[in-house]
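# Understanding the architecture of this molecule
Here's the letter readout for the chains.
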Amino acid sequence: MKSNDAFLSAIEELEIDLFKLGFKRESSETKGAAYFLSYRRSETIVRFLYGPGDWDVEVIVNCGDRKLALKDILGILEINIWFHENRYVQKGERNIRSELFWYLELLKFGLPILEGKM
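Residues numbered from 1 in each chain as written. Predicted model: local features only at pLDDT ≥ 70, side-chain atom pairs only at ≥ 80, totals over all residues. Heavy atoms only, no water.

### Observations regarding the packing of aromatic side chains
Threshold: Each Phe, Tyr or Trp ring, with Trp reduced to its six-membered ring, pairs with another whose centre is within 6.5 Å; inter-plane angles below 30 degrees give stacked pairs, above 60 give edge-to-face pairs, and intermediate values give tilted ones. Strands here mean DSSP runs of E at least two residues long; helices mean DSSP runs of H or I at least four residues long; both are numbered from the N terminus. Only protein chains enter the accessibility calculation, which uses a 1.4 Å probe; a residue is then buried when its area is under 20% of its type maximum, exposed when over 50%, and partly exposed in between. Only lysine NZ and arginine CZ atoms are considered, and such an atom sits over a ring when it is within 6 Å of the ring centre and within 35 degrees of the ring normal.
Applying the stated criterion across every chain, the model contains eight aromatic pairs. Ring geometry for Phe7 and Tyr50: centres 4.6 Å apart, planes at 10°, overall stacked. Here the residue Phe7 occupies a position in helix H1 (residues 2–20), and Tyr50 occupies one in strand S3 (residues 44–50), the gap between them amounting to 43 residues. Judged by relative accessible area, which is 0%, Phe7 ranks as buried. A residue is classified by how much of its surface remains accessible, and Tyr50, at 2% relative accessible area, is buried. An angle of 75° between the planes, with centres 5.7 Å apart, marks the rings of Phe83 and Trp102 as edge-to-face. On the criterion of sequence distance, the pair formed by Phe83 in helix H3 (residues 77–85) and Trp102 in helix H4 (residues 96–116) is long-range, its members being 19 residues apart. The same class applies to Phe83 as to Trp102, namely buried. Among the aromatic residues, those joined into a cluster by ring pairs are Trp82, Phe83, Trp102, Tyr103 and Phe109. The ring centre of Phe36 lies 5.4 Å from the NZ or CZ of Lys31, which sits over that ring. The ring of Phe101 is capped by Arg97, whose NZ or CZ atom sits 4.5 Å from the centre of that ring.

Below, the structure is given as structure tokens:
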């Protein structure tokens, strides 16, 4: 499937930046057509999920004992402001690479705040 290939290719590129941020791949698995990739840095785990039914990219962050989906992360005012000022806007055809790299920018901004609240 074309979108699966685009996701896997983009993740390979994204990993370079995650490694620079101190993350190491912890696990990678597929369940049917869905992909689950986890990256760890100390007490922080970032998980990327991609697959059916809606084929959206999802990111879940575990900081210490807290498991945070995007809606939870946006509950933090500073991150919510950044999100609204830097909202991902799809231009033309879907670009999974752009989506993933937008999430990376969100993580670069938000992780220091999240990890500071552990």
